[in-house]
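# Per-entry structural report
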Amino acid sequence: MSDFGVPSPDPTAIGDTSTPPFARLPDPETLFARRADRFRTLAKGADLGPYLDFLGRLCDVQDAVQDGLPDVPPPPPEVIARAKAHAMPPIDRTAAVADESFMAIFDRLVARAREVDMPDAARAALARVADADATARVAMAEAVVANRIPVEALAEHVFAAAAVQVHFARLAAALDATRLVPVGEGACPACGGPPVSSMVVGWPGAHGNRFCVCSTCRTAWNHVRVKCCLCGETKGISYREIEGGDGVVKAEVCEACAAQVKILYQVKDPDLDPVADDVATLALDIKMRDEGIRRGGVDPFLIGW
Ligand SMILES: [Zn+2]
Ligand SMILES: [Zn+2]
């Protein structure tokens with residue numbers, strides 16, 4: 001199962017299955033619960049098992065903190081129109097984390113996470129987040145959305161990123177996918193965030209098409225195959241995988257960027273998750289790094305990479 005759930009009818013796809021929708025919004029009501037299950041499945045017998053298990057529990061918390069939250073209203077029409085006219089994302093990343101509704105989610109997430117079994121280092125980091133005042137918490141969230149997380153506080157920012165993901169998925173879910181427009185290479189049309197990975201999907205109306213997936217809000221946007229997800233270059237693109245790999249997760253390498261972003265063939269395995277399977281294939285990032293190719297995908301659960 002994808003974390004986008006059963007695709008709902010998309011007006012852009014009806015009657016023309018050869019034209020995939022430009023964007024598909026996340027469904028926060030199912031996204032985190034499914035991802036939690038995927039982390040648990042991937043944890044079995046994996047070298048990274050304890051970390052994947054912990055992330056599964058953190059995704060459970062992301063799912064649970066949404067209980068009883070008020071619905072997110074869509075942005076005013078003038079905001080949508082202005083964003084579209086200027087090819088800008090309708091969600092303002094910096095303003096979104098200064099919002100009271102974000103702080104409510106962050107508070108809930110910290111409280112719930114304290115009940116979760118986790119490694120000692122993570123628990124110590126959580127205690128520091130719990131002790132942080134509102135100003136410090138906003139600063140953490142700002143660092144997450146700006147992708148400028150301080151190396152000395154990576155563990156704290158995992159919790160801030162988890163809260164940001166919940167908030168942004170809810171903001172994105174309130175948008176109208178048919179009104180989103182491309183906002184530039186390597187940028188989410190809903191929130192401007194960088195991709196975590198990309199997926200070749202089996203969705204009705206989009207079968208075999210590739211979508212980049214936003215690291216922040218989980219919106220997916222159509223991006224043709226054999227084209228760098230970061231810079232848009234189509235020359236010098238190659239695909240690599242771990243020796244003996246099953247071909248469902250590869251690194252799409254761009255010579256121009258000297259970077260790679262993972263491509264997940266969800267069309268071959270519908271259970272693949274753009275975040276969980278990205279973390280679980282860290283060995284591929286290590287192999288690529290050893291060859292001088294940096295990791296281009298941004299994953300809040302692989303911060304520091
Ligand atoms: Zn986004
Ligand atoms: Zn590139």
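For every chain, the first residue of the written sequence is number 1, and numbering continues from 1 along that sequence. Whichever chain is written first is A, and whichever ligand is written first is 1; the rest continue in order. The model is predicted, so local features are restricted to residues of pLDDT at least 70 and side-chain atom pairs to those at 80 or more, both for listing and for counting; the totals for chains, interfaces and linings are taken over all residues.

## Some points on the overall build of the protein chain
- Every helix listed is a DSSP run of H or I at least four residues long, and every strand listed is a run of E at least two residues long, numbered separately from the N terminus. A count of helices and strands for the protein chain gives ten helices and eight strands.
- A globule of 305 residues ought to have a C-alpha radius of gyration of about 19 Å, and the protein chain, at 18 Å, matches this closely.
- The principal-axis extents of the C-alpha atoms in the protein chain amount to approximately 50 × 50 × 35 Å.
- Three exposure classes are used. Buried residues have 20 or more other C-beta atoms within 10 Å of their own C-beta, exposed residues have 12 or fewer, and partly exposed residues fall in between, all C-beta atoms being placed from the backbone. Counting all 305 residues of the protein chain, 46% fall into the buried class.
- Restricting the contact set of the protein chain to residue pairs at least 6 apart, pairs at least 24 apart contribute 65%. Atoms counted for the radius of gyration: C-alpha only. Globule rule: 2.2 Å times the number of residues to the power 0.38. Contacts are defined on C-beta atoms placed from the backbone: any two residues whose C-beta positions lie within 7 Å are in contact.

## Details of the nonpolar core
- Each nonpolar core consists of buried Ala, Val, Leu, Ile, Met, Phe, Trp, Tyr and Cys residues. Their C-beta atoms, within 7 Å, join them into a set. If you look at the biggest cluster of nonpolar residues, it comprises 83 residues, and the most contacted ones within it are Leu109, Phe159, Ala163, Ala172 and Cys217.
- Formed jointly, this core draws a minimum of three residues from each of two domains, domain 1 (24-178) and domain 2 (182-302).
- Setting aside anything within four residues of it in sequence, one finds Ala163 in contact with Ile105, Phe106, Leu109 and Ala141. Domain ranges listed in this record stem from an automatic or a database domain assignment.

## What about the domain arrangement of the protein chain?
- According to the domain assignment, the protein chain contains domain 1 (24-178) and domain 2 (182-302).
- Here the C-alpha centre of domain 2 lies 20 Å away from the C-alpha centre of domain 1.
- Listing elements by their share of the side of domain 1 that touches domain 2, those giving two or more residues are helix 1 (28-43), helix 2 (49-64), helix 7 (134-145) and helix 8 (154-173).
- Class assignment for the residues of the side of domain 1 that touches domain 2 results in 24 nonpolar, two polar and four charged. Three classes are used: nonpolar for Ala, Val, Leu, Ile, Met, Phe, Trp, Tyr, Cys and Pro, charged for Asp, Glu, Lys and Arg, and polar for all others, with Gly counted as polar.

## Notes on unusual backbone geometry
- Of note in the backbone geometry, Arg218 takes a positive phi value of approximately 75 degrees without being a glycine.
- Along the polypeptide, Arg218 turns up in the loop between strand 3 (210-214) and strand 4 (220-222).
- With a phi angle near 50 degrees, Ala258 is a residue other than glycine that sits in the positive phi range.
- Summarising the element assignment, Ala258 is placed in the loop between strand 6 (249-254) and strand 7 (259-265).

## Remarks on the environment of Ala124
- Along the polypeptide, Ala124 turns up in helix 6 (residues 120-131).
- With 12 C-beta atoms counted inside 10 Å, the residue Ala124 sits in the exposed group.
- Residues Ala124 and Glu142, spaced 18 residues apart in sequence, show a C-alpha to C-alpha distance of 21 Å.

## Describing the pairing of strand 3
- Among the five residues in strand 3, five count as buried, and that is most of the element.
- Neither face of strand 3 is left uncovered, since the one carrying Arg210, Cys212 and Cys214 and the one carrying Phe211 and Val213 both have all their residues buried.
- What makes two strands pair is DSSP finding at least two bridges between them. Pairing of strand 2 (residues 195-200) with strand 3 involves five bridges; the strand directions are antiparallel. Across the sheet, residue Met199 finds its bridge partner in strand 3, namely Phe211.
- Pairing between strand 3 and strand 4: three bridges, direction antiparallel. The residue bridging Phe211 from the neighbouring strand is Asn222, located in strand 4.
- From the end of strand 3 to the start of strand 4, which pair antiparallel, there are five residues, and Arg218 there has a positive phi angle of about 75 degrees.

## Here we look at helix 7
- Over its twelve residues, helix 7 runs 17 Å from end to end, which matches the ideal 16 Å to within 8%, given 1.5 Å per residue.
- Within the sequence span of helix 7, burial applies to Arg137, Met140, Ala141, Ala143, Val144 and Val145. The span expected for a helix works out to 1.5 Å for each residue beyond the first.

## What about the packing of helix 6 against helix 8?
- Here an axis means a line fitted to C-alpha atoms, over the contact stretch when the element is a helix, while the angle between two N-to-C directions is reported on a 0 to 180 degree scale. For the pair helix 6 and helix 8, interaxial distance at closest approach is 8 Å and the crossing angle is 65 degrees. Judged by the angle between their axes, helix 6 and helix 8 are roughly perpendicular. Pair helix 6 / helix 8 crosses with right-handed handedness. Of the residues in helix 8, those in contact with Ala121, Ala122, Ala125, Leu126, Arg128 and Val129 of helix 6 are Ala155, Glu156, Phe159 and Ala160. Oblique is the label for every angle not falling under 35 degrees (roughly parallel), over 145 degrees (roughly antiparallel), or within 65 to 115 degrees (roughly perpendicular). For a crossing to be left-handed, the near helix must be turned anticlockwise from the far one by less than a right angle; the clockwise case is right-handed.

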